[in-house]
Amino acid sequence: MAAEVSGFSKLSKTDKIKWLAEHHFDSDQEAINTLMTYWNEDHQLQQLHDEFTENTISNYYLPFSVAPNFLINDKRYTLPMTIEESSVVAAASKAAKFWQDRGGFHAEVISTTKVGQVHFMFVGDAKKLQEFIVDIQNKLLFSVAPIAKNMEKRGGGVKSLELVDKTSDIENYYQLHCTFETVDAMGANFINSCLEQFANTIKEEANTYPDFTEEEKNIDIVMSILSNYVPQCLVKASVFCKVDELPNTTTLSSRAYAEKFVRAVRIAEVEPYRAVTHNKGIMNGIDAVVLATGNDFRAIEAGAHAYASRNGTYTSLTHAEINNDIFTFSIELPLALGTVGGLTSLHPLVKLALQLLGKPNSSQLMQITAVAGLAQNFAAINSLITTGIQQGHMKMHLMNILNQFQATASEKEILIKYFETNTVTHSEVVTQIEKLRS
Ligand code: MEV
């Protein structure tokens, strides 16, 4: 059982590590060294990272990679991708290269509306509550004017306020369902500040509303929070080409490839067990761009999976069809992304990632990110319906196994060459390392 401690957050970084070493690592210097190895020598940069969260004791590296050759709406991009899974970036790059010779990716933002709700309990006449919300509409908007001022200057702000009666689900439960436009910001702070102010205003105004009884005046605010389900912050991306421009092998003609591809997507549309893995592969690409550009990948994940279940059954986020000899493959999903605020101007690598993308606005970033998901899914299905995924995966995983056995540069060179023509399995790599070393 871990030791108890109080006032931990107030200890210096060194004292926090000392406490950890004493209580968790038998005062092992090796553990302390591991943590300190990852400190950055640039004190200012280290302090910046330390201050992103509380109780920071070290840095946790993930690879920052790039996938070139993404032609999106006739403009070429090099995508920044932050991900640990070995085959993802290679797969994205391969898909990008394939589609750049077939017109590239097409992407469009369908909508950009975000949502937040004040959840509250009201005991009384629902009709009177409805009138009350209509009556105080202007006061609600006026109360957030100082918060919304800058957002409005940029073309955003509060879009709508609506009372929703949820009493059939929970007795006395209502919502103020609010929609927002947050332009290039993800907007979480703006939305949550507005919602908390709405809640205060509702409470205050109810207290003096002449038509309410004493019980009705006593509105109980449960919580005020944005929703990460944003089905009206939607982006679509697609690729298309003639069927005979698709890959063909000795065992699979282009037409058979197209039909098998469509069937594989269809399976993900109807079979949740497959859909989850299928969408996980899509999120490999999406999360990698989301993380590299300093956005909240948990919010994106939650929203995407909720969208995949919007009709009551979990289904594929991508779709494929053949029509008049044209193969079309597309994705549609909600992506509430920001290119200003949050980490975007704080984290040096996030700044660089956005620069790499030509400083996109949030709509452009939505398009780029959806394309990363579509490309990833194309690469995965391409492997699944042809060679299987293990061939590519294990080739990429080879380096991880070699590093696990601390292979030297010359050992790596020999073994990478060997596995160009031999199947990579963990045991075969171990056998070959041992053979080399004996
Ligand atoms: C692995 O991270 C992702 C895949 O399993 C996705 C898929 O099966 O479509 C390859």
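Higher on the page you've got the structure.
Residues numbered from 1 in each chain as written. Predicted model: local features only at pLDDT ≥ 70, side-chain atom pairs only at ≥ 80, totals over all residues. Heavy atoms only, no water.

I'd like to hear about a negative patch on the surface, residue by residue, with values.
A contiguous patch of negative charge, built from Asp125, Glu131, Asp135 and Asp211, is present on the exposed surface. By secondary structure assignment, the location of Asp135 is in helix H5 (residues 126–143). (Patch = residues over 30% accessible without salt bridge, like charges linked within 9 Å, V, L, I, M, F, W, Y side chains within 5 Å. Areas by Shrake-Rupley, 256 points an atom, 1.4 Å probe, with all protein chains shown as cover. Salt bridge = Lys/Arg side-chain N within 4 Å of Asp/Glu carboxyl O. Lys, Arg positive; Asp, Glu negative; His and termini not counted. Charge placed at Lys NZ, Arg CZ, Asp CG, Glu CD. Helix = DSSP H or I, 4+ residues; strand = E, 2+ residues; numbered from the N terminus.)

Can you break down the sheet that holds strand S5 (residues 157–165) residue by residue, with the values?
Taken in spatial order, the four strands make up an open sheet running S5-S6-S4-S7, and their pairing is antiparallel. Edge positions in the sheet fall to S5 and strand S7 (220–227), since each of these pairs with one other strand and no more. Across the sheet, the axes of successive neighbouring strands diverge by a mean angle of 20°, strand direction being ignored. Set on the sheet, H5 makes contact with strand S4 (113–121), S5 and strand S6 (173–181); between it and S5 the angle comes to about 170°. (Pairing = 2+ DSSP bridges. Axes fitted to C-alpha atoms, helices over the stretch in contact; angles between N-to-C directions. Contact = heavy atoms within 4.5 Å.)

Account for a nonpolar patch on the surface, with residues named and values stated.
The grouping of Val222, Met223 and Ile225 at the surface amounts to a nonpolar patch, some 250 Å² of accessible area in total. On the secondary structure map, Ile225 appears in strand S7. Ile225 sits in the partly exposed class, given a relative accessible area of 36%. (Buried < 20%, exposed > 50% of the residue type's maximum accessible area, 1.4 Å probe, protein only.)

Describe the site of the ligand, with residues and values.
Around the ligand, a shell composed of Glu85, Arg274, Thr277, His278, Lys280, Gly281, Asn284, Ala380 and Leu384 is seen. Arg274 places a side-chain nitrogen or oxygen 2.7 Å from an oxygen atom of the ligand. One of the side-chain nitrogen or oxygen atoms of Lys280 is found 2.7 Å away from an oxygen atom of the ligand. Compared with its free state, where it exposes 300 Å², the ligand has 88% of that area covered by protein. Among the cavities detected, the one that contains the ligand is the second largest pocket. For the shell around the ligand, the secondary structure elements donating two or more residues are helix H10 (272–292) and helix H13 (362–385). At six residues, H10 tops the list of elements feeding residues into the shell around the ligand. (Near = heavy atom within 4 Å. Polar contact = N/O pair within 3.5 Å; in protein donor to acceptor, adjacent residues only side chain to side chain. 1 Å grid on protein atoms, 1.4 Å probe; cavity = no way out; pocket = protein on both sides within 12 Å on 5 of 7 lines; lining within 4 Å. Sits in = over half its atoms within 2 Å of the grid points.)

Go over the sheet that holds strand S10 (residues 326–334) with me, naming the residues and quoting the values.
Here we have four strands laid out as an open sheet, ordered S3-S8-S10-S9, and antiparallel in their pairing. Edge positions in the sheet fall to strand S3 (106–109) and strand S9 (318–323), since each of these pairs with one other strand and no more. Averaged over all adjacent pairs, the angle separating strand axes in this sheet is 20°, with direction ignored. Alignment of strand S8 (residues 234–242) against S10, held across nine bridges, turns out to be antiparallel.

Please give an account of the packing of aromatic side chains that cites residues and values.
What the rule picks out here adds up to 20 aromatic pairs. Aromatic pair Phe180 and Phe190: ring centres 5.9 Å apart, planes at 85°, arrangement edge-to-face. With Phe180 in strand S6 and Phe190 in helix H7 (residues 188–208), this residue pair connects regions lying ten residues apart in the sequence. By relative accessible area, Phe180 is classed as buried at 0%. Centroid distance Phe261 to Phe327: 5.2 Å. Interplanar angle 85°. Geometry classified as edge-to-face. (Phe/Tyr/Trp six-rings, centres within 6.5 Å; stacked < 30°, edge-to-face > 60°.)

Geometric values such as these leave the question of function open.
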